[in-house]
Structures are given as C-alpha cells and as structure tokens.
Amino acid sequence: MVRFLLRRLVGKALLLVVAASCAHLLAATALDPRGNYEGQRPPPPAETVDALLDEYNLNPDTPLAERYLVWASGVVTGDFGRSWDGSDVTAQLVRRVGVSLRLLALGAALGALGGVLLGALAASRHRGGLDRTSVAVSLLVISTPAVVVAVSLQSAALWVNQVTGSELLRATGEFTPGLNGGPVAQVMDRARHLLLPTLTVALPQIALFSRYQRNLMLDEAGSDYVRTARAKGLTKRAALFRHGLRTALGPAVTYFGYSSALLFASAVFTEKVFGWHGVGEYLLDSVGRGDVHAVAAVCCFGALCVVTAGLLADIGRFLVDPRTRVL
Amino acid sequence: MALVVALSGCDSQVPGPPLVDPAALPSAEINPVERGQLADGGTLRWGINELPAQWNPHHPAGNLSTVSTVLRGLLPAPFHIDETGRAHPDPDYVTDVQVVTDPTQVVTLTLEPRARWSTGAPITWRDYAAMVDALSGSDPDYQVLGEVGYSRIADVRAGADDHEVVITFDEPFADYAALFQNLLPADYSADPEAFNSGYLDRIPVTAGPFALDAIDPSAQTVTLARDDSWWGEPAKLDRIVFRSLSPDALDAAFLDGGIDVYAVAVDAASYQRVKTASGGEVRAALAPDYRHITLNGQSPALSDVDVRHAVFLGIDREAIANSAFSAIDWPSSVLGNHFLAPNQKGYVDNSGKWGTYDPERAAELLDGAGWRAPEPGAVRTRQGQSLTLRFLVPQGFAPAQNEAELVQAMLAEIGIEVRIEAVPGDQLFGGYVLPGDYDMVAFVNSGGGFPASEFLYQWSNAVTTPDGQDKWGSNVARIGSPEIDGALAGALEELEPDAALRRLNEADRLLWEAGHTLPLYQRPELVATRTDLANVGASGFGGLDYADIGYTTDDGASAGAP
C-alpha cells in the first residue's frame, strides 16, 4: 500500500509542476493586463501604467523567462502574485475555493449518490418502467446545457415567488447580506439560497452517473459470479446488489473523482447565474481582464484538483476492488 | 434644437417614432420627496457590477464608476454637481467660495468647521494642499490618473485659520469646481506609499453621512452604516449594502427582492425583464454621456476631410438612435454637439451642414475627392485602391455589432465598403484605437459636467517630440488644429460662464468642420428601484445626496430592515 501510494504521489507531483508552469507561461503569453488601464478614458500616463505593471510582475515588455522565474519563486512559497488592480491572488483564490465548495459540495454528493442509486435500481429493473423513464429523463437533462438548467430553475423560482407572493426560494447569492437573526434563521436563509444551485449541480450529475452506473451494472449482470449467485437461488436483484454493485463501483469511483475535479471548472454557469463568487467565475472574469496571475492560479488549482482526485480515486479503487491490490 | 425638430418633420424614410426635442426629456428622475416625509431607518441593497480592490478614486486601478458610487456616501467634495452639470458649493463641507481673477486666479474656500474625518481630525487646508501635491503629477512616485487642473495650481495655503483654503493658480482654470471631488485625508495623500496602497482592499478614513461598516470579499458586499458623528442632516437609511453581481444576476436579484436599486444596462432584454417587477419600477432620465463614431484622421482613406464629411452625411443617425432605443421605451433624438448635452445650459446644435443624412451630397463629396464608382452601386475606387473602412467592435457586445451593421448598410449605399472587425474588448483601446490601427470605432463619452477639462485629451492637437514625431496621446481621431486648441484653452481659462460656453461652442463648430468624430445620441440612464424609495434613481450629471435617500412608507423601511 505504501509503495503503491508513494509511486503514485511522485508521478502526480511531477505532473502538477508541469501543468502549473504551462498554465503560467500560456497565460503570460496570451493575456495582456495593460488594456485595463489603456481602456480608461482618458488613459493614465504611460509611465504610471508601466510602473504599476512592473510592480505586479505583469509587464509584457519584461522577458517571459524573467516573469516566470519571479512568479515561480513566489508560488513555491504559496504566493500566487497580484492581480492587475493590486489585489492578492492567493487570498482571493482561497476565498473563492471556499465559496465554490459551499456551492458544489452538497450538489456533487447528491449527484453521485443519487446517480449510483438510480442507476443500480434501473439496472435491477432492466427494461422496466423506472428504467425506461430514467433513461429518457437522463438523456434530456444530459443534452441540456448547464446554463439553460440554471436559468430555467431560476425563472421557475421567480415565478413561484411571484405567484405565491412569498420569498420561499432565493434566486441569487449565498445568504441575505446583513440579515440579523438567530442561528436558525441564518441556516434557513442559507438553505433557501442553496436549494436552486444544488439542484442545478445535482441534476446533470444524477443523469450522468445513473447512465454510467446502469450500464456497468448490466455488464455485471452477465458476469460469472452474478450468474453463480443466481444459480444458488438468489433473486436477480439481490444477486446484482450483493455481488454486482461492489465491482461496478470501482470504475464509478474513478469516474466520480475526475468528474468532481472538473465540476469546479464547469460550475462557472451556476456561479454566474446565481451570483456566487466562486472559482469558475474568477477564471472567466480574469480571462476577460487579461489577469495573468489570477488565470494561472485558477489553472494551478484545477490541476491540483485533477491530480488529487486521480490519487483519491486510485486509493478508492484500491479499497473497493481487491483485484487492483494484486498489482 | 429647432433644427432637430425640423429634421424629424421632413424625413419620411426613417421608420420608428418621430424624434423628440431632447430638452423636453427629464434630466433626472429620482422620486424627490422632502426628508420630513420619509420614514426613518431601513436598509437599501444596491446592486453594483464589481467589487473593486483599489478604493482610491485617484489611482489608475480605482478609476471605476463603482468606486465613485460607493464613495459618494463616504468622502467629501467641496462642490455638489446638479442634474444638468452645474456646480454648487456643498454646505456640508464648504460654507463660502470666493474667486478672484486679478492678477491671477485665486479660489478661497471657507470650510465647514465642524467637518471631521472618521479619525476625529478636522478637515483643513492641509488635506487640500496634500491632495494637490499628490495629483499634480510632479512626484512620479504617486500613481495617479493624470486629472486635468491640479498642475495649474501654484500653491495652496491657509487663510485666516486652518479652515480657510487659499488656492492660487498659475494659469486660470474655469473648472475649479471639478477639483477635490472625493477629497482624501492628508495622511493618505502626503505619502506616496499610503496614497498607492492605503485604500487597497479597504476604505480606512471617511467623512460623510455614512461610514464604512464592512467589506465582505467572499459575498462581495460593502456595507455602509449611518455615521452618528456626521455634522449635517443625518442619513435617513440605517444602512446601504452594495452587492456585486454579474449583469444577468442583477436582473434576477432585483426581481427576487435581493437588491432594491441598480443601474440597468441599456439593453432590451434586461429592460423588458425588469420593468415587470412587482413593487419596482425603472426610472429613466438623460444620461451624462453620449455615443459617437470616431474616424481615424490618419488612415489612408480618411485623411481627406471630404471623405470624413461624406461618412458623416452617409450615416443616418436617426435610424441608429431608433434602433438603439426601440425596445426600451425611450424617445430617440440625435446630438449636435461634442461637449454639451441638449439639457445643459449653452447647448447649441453646431452640426450645421454635416449633421443631416444626405447620401446624394455624400456621393458628390466622394466624387470630388476622386473616389469614383466603376458602376452604380459598386465600391468606389481611386488609383486602384478601393474605398474600404475597418469598423472595430468589441467582441460579444451585440448592440455594437448591430450598430456597425447598420452603418455598414448605410455606407454601402454611397459606395463605401465597411468591414466589421470584432476584437477582444480589453484590447480595443490599447491594441487598436490608441496606436491608430483602425478606421472607425464607436464608443461612449461619459462626463461629469466639466466638458472642457474632462475631454481636453480627446480633442487636443498632437505634440511634436524633439525627434520630429507627432504624439497624439489620447486624441484617437488624430485630427487637430491650433484653432481648436485655442478655443478649448479659452474655454478652460474663461471664468465668466457665458463666455466659456461661447468658446466651447466655437471649439465644437471647428470639430464639426474638421470632421472629427460624429456624435450620435445622448443615452438614457436607466435605474431600477423599488417604487417606495425616494431621492434615488437616474440622477443625470448630478450626484445623489445619500443622506436623503429613504423609504416613503414605514413598510418599506421595515421590509428592508432586519
């Protein structure tokens, strides 16, 4: 186990360094934060702009290698540099990761659990009513872009609020700013804000996972050990759940690991529509502003997520599936 | 004005509603209510477009309208600008203003002696003097915007006591009331380091009806609370919470009751969505800005003034205005002045013979300039070159794309081919317009009531450097003349208001004659608010007085309150 982990760890660390460097070099080559100043009417004096860009290590006139070294020496100490307007990228990233986690955690968990359960149930009732309905609905949800899901849910909530004259569901934000009240009121307020984005995250996840899990389970249904289990007198469903589900979980865990890493990046629409200031929004806004260090930082974070998720998925498979331990 | 009205009468080709006299449109719509009739208390949630990092409005990274919006309740300004752009001393900060012009201009401000910073220190002449030192541009360690006027000040001294500021000018400066808006405390303007980073991620010292309560960078909110040590009329509201959201989320938040007031984009989709909000309304007035098309006077085809005038005559500005306003219930009008808006004192339509849509005359001008069409309807050519213009639009901004397509179709009729080129929005100016790599571009001039000093950079002639190069700076049309500079300098130095306006209009006539930039229309300012909110909304050139904003009903005040 330890050797297995160490080998994985070293490989992933190398991968991370390469990915992070590529992120900075690409961002520094493609983006130019000067436009933030030059787009002002009237633009500030050129010398001032140069002084500011130099101060933040963002001046495109400085050789790329030099800028990279300055940036990398900061990153090693956990400092991702400054944005074009002087704000601290590291602090901003940490805050936004927190926001994204609060936005996504529940939805991702619900999505994975719900998807696996629905997929397993559908497989156990292969070609039954539940199976057919879940397939149809899943396909519909999967083929709907995330932004459409988000906007539709939001419009529906606004309509419900208007019709009922209540403020049952909140369409934007994480909580009501400046709300006074006891802890119960605060939690309820957060819950009302969280419901819609959680659904937006969970629905496509449930749809994807259920399809994936269902097909894995159906493959298992034809396997020797499930047939053996059935031959020993178990019902089809019991055989599938007791003997098929565990082996089918292995690939699902891997898939879950990688897909939750990508969730951060794909959450941008959920964040934009519902007004949560998370990592996805940070990336999109920063690209628009030519904000090199912010873009590099988010890409580094994304790389870290993918690598960590891969590692966790490996460990997860290691635990779920005894066959991998032979390696 | 008469010309504008006459135009609408004689033009039958343009679809859409007839033009109106823009002077008849409101300069402000803020639901004005006497303070005494307003409920005490309440929270106002105000939607903004970003959470700025740099809160020093005189720093290049703090030059954002959001910064001004928030600071209006927090920082002093000796003058209050009204909705049509006229300046009046603000009695909360300045009790008397004396101006002497002979032998040199001296402005003496008598400060309100009760006025204090949130640190407890009084506001004195030292704050004014330190601000001039910082913003004059003489010390390169200060990272400044380069605002016009401060470098014309010779010195700032105390008068009879600390509360009298004597400002002596080297050169006369008519727009002195534009100075010292968002006054900073001397602690933050006397030291470059404090100036550059003292207001980064925080607003350490204030002196207004509100004080900073908190900045929450995760939720991206800024909370102001009524300042009990304020010496003027106390603020009606308990708190103002500014909340940053993306444009679509702002619409949703207003419909949802998550915000009570925000500036709606001049965009059909947002407007249509928001005007249906229950308990809400969209307040509309003339905005202090106008949209225009700038022509590059140094591009090969447009270096000829006749070609530029042909472009002016070939563009049907009424049709463009109609198209821009068709979905937002706002009557369209066209603008005939580069400096003044029709609702401002001194406005004259100076467009003369260059402001009326006249494709025949445009074709004659092009013929005269040697650009001839090989066959009717074809693109004109001269010496083998075809008359093709590159029109830059920012990527992904649909209204600009529509506008460019209209222009493309109009100019095609007079034999000018327009190629629309979409470029990344953040590179439009730095990468294309400032270096002169374009033929046509449309954007907005936003003013604050001081047209001569605010837009001086846009019309000033090139400066010739020692090596013989012309430096155009921010005059992106690259068209200038000593006469235009002379008229503008006159307007800047003339302290008698009517004479200053005459010089301004003289500069404007010269700009029309030179074919420098075609003004299109003055835009509306749309602000969505709760119906029971008073003294807030579309305020034109003027600033709102945040102390007077309040709810007209106790229900409204308590609904907003926790």
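Procedures and definitions
Residues numbered from 1 in each chain as written. Chains lettered and ligands numbered in written order. Predicted model: local features only at pLDDT ≥ 70, side-chain atom pairs only at ≥ 80, totals over all residues. UniProt positions renumbered as here; feature names shortened; annotations may be inferred. Helix = DSSP H or I, 4+ residues; strand = E, 2+ residues; numbered from the N terminus. Buried ≥ 20, exposed ≤ 12 C-beta atoms within 10 Å, placed from the backbone. Contact = placed C-beta atoms within 7 Å. Nonpolar A, V, L, I, M, F, W, Y, C, P; charged D, E, K, R; others polar. Pairing = 2+ DSSP bridges. Axes fitted to C-alpha atoms, helices over the stretch in contact; angles between N-to-C directions.

You'll find chain B entered in an unreviewed UniProt entry as ABC transporter substrate-binding protein, with Nocardiopsis ansamitocini given as the organism.

In the annotation of an unreviewed UniProt entry, chain A is listed under the name Peptide ABC transporter permease and assigned to Nocardiopsis ansamitocini. We quote the UniProt Subcellular location (unreviewed entry) comment for chain A here in full: "Cell membrane". Per UniProt, chain A has the following entry under Sequence similarities (unreviewed entry): "Belongs to the binding-protein-dependent transport system permease family."

Draft legend 1. Highlighting the overall build of chain B. A count of helical and extended segments in chain B gives 17 helices and 22 strands. Referenced to the eigenvectors of the C-alpha coordinate spread, the extents of chain B come out at roughly 75 × 60 × 45 Å. Among the 562 residues that make up chain B, the fraction classed as buried is 53%. Put simply, of all contacts in chain B between residues at least 6 apart along the chain, 68% involve residues at least 24 apart.

Draft legend 2. Examining the environment of phenylalanine 391 of chain B more closely. Residue and element names in this part refer to chain B. Among the secondary structure elements, phenylalanine 391 is positioned in strand 15 (residues 388-394). As for phenylalanine 391 and isoleucine 81, which are separated by 310 residues in sequence, their C-alpha atoms are 36 Å apart. Contacts of phenylalanine 391, omitting those with residues within four sequence positions, involve Ala404, Val407, Gln408, Val418, Arg419, Ile420, Glu421, Asp439 and Met440.

Draft legend 3. Expanded view of the UniProt feature "transmembrane region" (unreviewed entry) in chain A. All names here are of chain A. UniProt feature "transmembrane region" (unreviewed entry): in the numbering of this structure it lies at residues 103-123, 135-160, 252-274 and 294-315. The span residues 103-123 carries 100% helix and 0% strand; its end-to-end C-alpha distance comes to 31 Å. In this annotation, residues 135-160 is assigned 88% helix and 0% strand; the end-to-end C-alpha distance for the span is 28 Å.

Draft legend 4. The interface of chain B and chain A, seen in detail. In this complex, chain B contributes 43 residues to the contact, which on the side of chain A involves 47 residues. Only strand 1 (43-48), strand 9 (221-226), strand 10 (239-244), helix 6 (247-256) and helix 12 (428-433) of chain B provide two or more residues apiece to the side of chain B that touches chain A. The element best represented in the side of chain B that touches chain A is helix 6 of chain B, accounting for 6 residues. Considering only residue class, the side of chain B that touches chain A consists of 20 nonpolar, 16 polar and 7 charged.

Draft legend 5. Focus on the sheet that holds strand 7 (residues 164-169) of chain B. All names here are of chain B. Spatial strand order, 4-5-7-6: 4 strands in an open sheet with antiparallel pairing. Every interior strand has two partners, whereas the edge strands, strand 4 (94-100) and strand 6 (153-158), have only one. Between one strand axis and the next, the sheet turns by 15° as a mean value, whatever way the strands run. Across the face of the sheet, helix 3 (residues 125-135) comes into contact with strand 6 and strand 7 while running at roughly 160° to strand 6.

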